[in-house]
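Tertiary structure, described
So the chains spell out like this:
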Amino acid sequence: MISRLKQSDDTSHIPVVVVTAKIAEEARLEAYECGADSFITKPFSSKLLKARIKNIINTRRRLAHMALEAQLPAATDTATTAVENIAPEQHSDEIVSGLTAADSDFLHKVGGIINANIAGEQLDVGFIADAMCMSHSTLYRKVKAISGMSVAGLIRKYRARKAAELLLTGEYTVSEIALLVGMGSPANFRQCFREEFGTTPSEYFRRSKEK
């Protein structure tokens, strides 16, 4: 069952915790080889199980954040997180898995679609879902589960980062950049930019020149 869950695009992102009375090393090894994210032997406490689940989700989202940062233009030092800083809860029965290859590949594909179509106003959940050959709901759930972000939020992040990259070239006005990243409304563009960088495009450009 675990193998099938982890091999399906619809369910590969769902963490699987095995709770069992089996204590043999072979059982633990089999579970992890099939893709289990954690292995807990009975008896166990509900607090431990909840902490384990929380830790798995937080670790995955940090790794997903790093995977996204690797694709995003104009990445800032404060936006990146080193793997060494991720310190999962240690326990003899636990091995916290990182971002799976399938999930990493999924994020890479989604990011590639956004980057390739960033200037198009048609870029939305439906457009990406069609390009990924997935239903809208499956795409939304998968992106949300892996990254903690909505698809719309992810698109805004890519657009803001691309805008910052174009802004630093000094070759375009703010209005021109808004069009180049698929946001025809300057007001919406400025709001999107402020959400990502905490400042306006003009102020961001001014600060970059002062460094």
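Residues numbered from 1 in each chain as written. Predicted model: local features only at pLDDT ≥ 70, side-chain atom pairs only at ≥ 80, totals over all residues. Heavy atoms only, no water.

Between helix α3 (residues 46-71) and helix α6 (residues 136-147), the least distance of the axes is 7 Å, while the angle of their chain directions is 105°. With respect to α6, the element α3 is oriented roughly perpendicular. Side by side, α3 and α6 meet where R60, R61, A64 and L68 of the first sit next to K144, A145, I146 and S147 of the second. Residue composition of the contact of α3 with α6, grouped by class: 4 nonpolar, 1 polar and 3 charged. (Axes fitted to C-alpha atoms, helices over the stretch in contact; angles between N-to-C directions. Helix = DSSP H or I, 4+ residues; strand = E, 2+ residues; numbered from the N terminus. Parallel < 35°, antiparallel > 145°, perpendicular 65-115°, else oblique. Contact = heavy atoms within 4.5 Å. Nonpolar A, V, L, I, M, F, W, Y, C, P; charged D, E, K, R; others polar.)

Another aspect to go through is the nonpolar core. The nonpolar side chains of a soluble globular protein tend to be buried with one another. Core analysis: the largest hydrophobic core is formed by 23 residues, its most contacted members being F106, V110, I114, I128, L139 and L154. For this core, the secondary-structure elements that each account for two or more residues are α3, α4 (101-116), α5 (125-132), α6 and α7 (151-167). With 5 residues, the single largest contributor to this core is α4. Filtering out sequence-adjacent residues up to four positions away, I114 remains in contact with L123, I128, L154, I155 and Y158. Listed in part, the 15 residues of the second largest apolar core include L167, I177, A178 and F193. (Core = buried A, V, L, I, M, F, W, Y, C linked by side-chain atoms within 4.5 Å. Buried < 20%, exposed > 50% of the residue type's maximum accessible area, 1.4 Å probe, protein only.)

Our next topic: the pairing of strand β1 (residues 17-20). Covered by surrounding structure in β1 are V18 and T20 only, the residues V17 and V19 on the alternate face being uncovered. By the bridge criterion, 4 bridges tie β1 to strand β2 (residues 38-41) in an arrangement that is parallel. Across the sheet, V18 pairs through a bridge with F39, a residue of β2. One crossover worth recording links β1 to the parallel β2 by way of helix α2 (residues 25-33), and it is right-handed. (Pairing = 2+ DSSP bridges. Right-handed = clockwise from strand over helix to strand, strands pointing away.)

So, to be careful, I would describe these as geometric facts and stop short of saying anything about function.
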